[in-house]
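What follows is each chain in one-letter form.
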Amino acid sequence: MRVLLVEDDPRLAALIVEGLSDDGLIIDHAPNAAIGRGMAELEVYDLLILDVMLPEGPQAGFDLARALRNQRDKTPILFLTARGDVDSKLTGLDTGGDDYLTKPFDFRELRARIRALVRRARGEASNLIPLPGGHTLDLAAHQVLKNGHPVPLTPREYALVECLGMNPGRAYSRNSLIERVWSGESEVDTKVVDVYVSSLRRKLGENFIETVRGLGYRLGRLEEGA
């Protein structure tokens, strides 16, 4: 599988290239949007990983994705960026992105998202991930479904469910969830995580999210709501 990484931080780019190369992927690296666009137009890739803030400007990654989509390039795009606010995520998806992961990130999650994107692009897997209580996470529509119908969630609530749903067996500390769901926001109190978890339990069921004593939260067991 061949991947194009557009990232202007040389140290981070080297880490990503090394880590994904160990997984057997062929990684081409571009340090800016202009070079990235030229490479994307010359080579056929299975996946594009784009930073947003590049030397050309703070929106350069979004602009690159938009330009490629305008050329009918359907290659899956994963945004990998420090811009974790909800507006930036929505912009990334609206400009043609298929997924959005914020820095700092867990390399296991990056690998999982890459596998999911490529499988979906090849028609080998569904966009749907089963959740506790008979719910389903629809990654394409960015919704949580119950019996095929969307459950009304705020963008932040959805982001929290997606984070837990992508790694269902993993327990996250409150600080870890803040880094992923509230990335880019300063001085977020850990109690805000408890507030959102309580809200999700009211909407999706008390057993939807488990409390892990001394650590934080994880997704509930699927069989409990099956």
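## Thoughts on the overall build of the chain
Regarding its fold elements, the chain presents 9 helices and 12 strands. Over its C-alpha trace the chain gives a radius of gyration of 18 Å, about what one expects of a compact globule, namely 17 Å for 226 residues. Based on the C-alpha atoms only, the size of the chain along its principal axes is roughly 50 × 40 × 30 Å. Accessible surface for the chain amounts to roughly 11000 Å². Of this, 50% is attributable to carbon and sulfur atoms.

## What to know about the environment of leucine 15
As for its position among the elements, leucine 15 is in helix α1 (residues 10-22). Classification of leucine 15 by relative accessible area gives exposed; the value is 53%. Along the primary structure leucine 15 and phenylalanine 107 are separated by 92 residues, whereas in three dimensions their C-alpha atoms are 10.0 Å apart.

## Examining the pairing of strand β12 (residues 216-219)
Pairing between strand β10 (residues 172-173) and β12: 2 bridges, direction antiparallel. Bridging from a neighbouring strand, tyrosine 172 pairs with tyrosine 217 of β12. Note: strand β11 (residues 209-212) against β12, 4 bridges, orientation antiparallel. Counterpart to threonine 211 in the pairing with β12 is tyrosine 217. The antiparallel pairing of β11 with β12 creates a hairpin that spans 3 residues between the two strands, and glycine 214 there sits at a positive phi of about 80 degrees.

## Here we look at the packing of helix α2 (residues 33-42) against helix α3 (residues 60-70)
With their axes 10 Å apart at the nearest point, α2 and α3 run at an angle of 25 degrees to one another. Of the possible angle classes, the one that applies to α2 and α3 is roughly parallel. Crossing geometry of α2 relative to α3 is assigned as right-handed. Listed contacts from α3 to Ala33, Arg37 and Ala40 of α2 are Ala60, Leu64, Ala67 and Leu68. Residue classes in the contact of α2 with α3 are distributed as 6 nonpolar, no polar and 1 charged.

## A closer look at the layout of surface pockets
Here the largest pocket is characterised by a volume of approximately 400 Å³. The wall of the largest pocket is formed by 24 residues, among which Lys89, His142, Tyr158, Ala159 and Glu162 lie closest to the centre. Put simply, the parts of the chain that give the lining of the largest pocket at least two residues each are α4 (86-94), β5 (99-102), α5 (107-121), β8 (143-146), α6 (155-166) and α7 (174-181). Looking at the lining of the largest pocket element by element, the count peaks at 5 residues for α6. Residues belonging to the lining of the largest pocket are distributed by class as follows: 14 nonpolar, 4 polar and 6 charged. Taken as a whole, the second largest pocket encloses approximately 150 Å³ of empty space. Forming the walls of the second largest pocket are Pro76, Leu93, Gly97, Asp98, Leu117, Arg120, Ala121, Asn127, Leu139, Ala140 and His142. Considering each element in turn, the lining of the second largest pocket owes the most residues, 3 residues, to α5. For the lining of the second largest pocket, the class distribution of residues is 6 nonpolar, 3 polar and 2 charged.

## Details of the sheet that holds strand β7 (residues 135-138)
The 4 strands lie next to each other as β6-β7-β8-β9, forming an open sheet whose pairing is antiparallel. Sheet topology places β6 (128-130) and β9 (149-150) at the edges, where each strand pairs with a single neighbour. Strand direction decides the pairing type here: β7 and β8, joined by 4 bridges, are antiparallel. Of the residues in β8, the one forming a bridge with threonine 136 is leucine 145. Sheet strands touched by α6: β6, β7 and β8. Its angle to β7, the strand with the most contacts, is close to 100 degrees.

## Points about α5
Under the 1.5 Å per step criterion, the end-to-end length of α5 is 21 Å for 15 residues, consistent within 8% with the ideal 21 Å. Among the residues making up α5, those that are buried are Glu109, Leu110, Ala112, Arg113, Ile114, Ala116, Leu117, Val118 and Arg120. Here the buried face of α5 lies against α1, β3 (47-50), β4 (77-81), β5, α6 and α7.

## Overview of empty space enclosed by the protein
For the structure on display, the rule yields 1 cavity of 30 Å³ or more. Estimated volume of the largest cavity: approximately 30 Å³. Forming the boundary of the largest cavity are Asp98, Asp99, Arg113, Arg120, Leu139, His142, Glu162 and Met166. Elements with a contribution of two residues or more to the lining of the largest cavity: α5 and α6. In the lining of the largest cavity, the residues fall into 2 nonpolar, 1 polar and 5 charged.

Conventions adopted
Residues numbered from 1 in each chain as written. Predicted model: local features only at pLDDT ≥ 70, side-chain atom pairs only at ≥ 80, totals over all residues. Heavy atoms only, no water. Helix = DSSP H or I, 4+ residues; strand = E, 2+ residues; numbered from the N terminus. Rg over C-alpha atoms; globule rule 2.2 N^0.38 Å. Areas by Shrake-Rupley, 256 points an atom, 1.4 Å probe, with all protein chains shown as cover. Buried < 20%, exposed > 50% of the residue type's maximum accessible area, 1.4 Å probe, protein only. Pairing = 2+ DSSP bridges. Axes fitted to C-alpha atoms, helices over the stretch in contact; angles between N-to-C directions. Parallel < 35°, antiparallel > 145°, perpendicular 65-115°, else oblique. Left-handed = near helix turned anticlockwise from the far one by under 90°. Contact = heavy atoms within 4.5 Å. Nonpolar A, V, L, I, M, F, W, Y, C, P; charged D, E, K, R; others polar. 1 Å grid on protein atoms, 1.4 Å probe; cavity = no way out; pocket = protein on both sides within 12 Å on 5 of 7 lines; lining within 4 Å. Points joined across faces, edges and corners; volume = space filled by probe spheres on them. Expected span 1.5 Å × (residues − 1).

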